[in-house]
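Read off the chains here:
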Amino acid sequence: MSRIGRMPIAVPAGVTVSIAENNKVTVKGPKGELERVLPAEMEIVQEGAEILVKRPNDLKKMKSLHGLTRTLINNMVIGVTNGYTKTLEVNGVGYRAAKQGKKLVLNLGYSHPVEMEDPEGLSTAVEGDKIIVSGIDKEKVGQYAAEIRSTRAPEPYKGKGIKYDYEVIRRKVGKTGKK
């Protein structure tokens, strides 16, 4: 049986979870509200301050949906209580990031500055050479951070570009002189 799917989801105080028909789950908390339609095959039950996910049978598809459904609900609960953040670092001579209202302006060695509008529900902050993306939806935070990184992914020779703060760039040796 799915080890993750079996685990109950603890609902903290101040968070309300409502389960409508077709497994439409709405989670309200101090930071906001998230809703998502989850696979109809799964049975989502709320027992007191816990949520349990049960599967109908042991087919491979049901096993994989079991853990996924539980994780998606757990991510929603964590999102409305604590929120999610991703930190990116800008490395390179003359590479800069700045905030102009709801726009993130990146100077990354192109002939023009790259301007990115913050998506709804997400916010970005610039502290020195770090860009911090934060929001309540884990999926949206990760996607927007990936889009920012893709504007100038780090290259392996000098390590210039935008990388995640935990990412390690494997460096390559450059060209050597002729002998």
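Residues numbered from 1 in each chain as written. Predicted model: local features only at pLDDT ≥ 70, side-chain atom pairs only at ≥ 80, totals over all residues. Heavy atoms only, no water.

Novice: Tell me about the pattern of salt bridges, residues and numbers included.
Specialist: Any two side chains of opposite charge can pair if their charged atoms end up close together. With the rule as written, the count across this model stands at 8 salt bridges. The shortest N-O distance in the salt bridge between Lys103 and Glu115 comes to 3.4 Å. One end of the pair, Lys103, is in strand E9 (residues 103-107); the other, Glu115, is in strand E10 (residues 114-117), and 12 residues separate them in sequence. Judged by its relative accessible area of 32%, Lys103 is partly exposed. Judged by relative accessible area, which is 45%, Glu115 ranks as partly exposed. Each of the salt bridges in this network shares a partner with another, and the network as a whole consists of Glu89, Lys130 and Lys163. (Salt bridge = Lys/Arg side-chain N within 4 Å of Asp/Glu carboxyl O. Helix = DSSP H or I, 4+ residues; strand = E, 2+ residues; numbered from the N terminus. Buried < 20%, exposed > 50% of the residue type's maximum accessible area, 1.4 Å probe, protein only.)

Novice: Account for the sheet that holds strand E1 (residues 9-10), naming residues and giving values.
Specialist: On the basis of which strands lie adjacent, the open sheet formed by 3 strands has the order E1-E6-E5 and antiparallel pairing. Single-partner strands in this sheet number two, and they are E1 and strand E5 (43-47). One ladder, built from 2 bridges, connects E1 with strand E6 (residues 50-54); its direction is antiparallel. Note that in E6 the partner of Ala10 across the bridge is Glu50. With respect to the sheet, helix H2 (residues 60-81) is in contact with E1, E5 and E6, its orientation differing from that of E6 by roughly 160 degrees. (Pairing = 2+ DSSP bridges. Contact = heavy atoms within 4.5 Å. Axes fitted to C-alpha atoms, helices over the stretch in contact; angles between N-to-C directions.)

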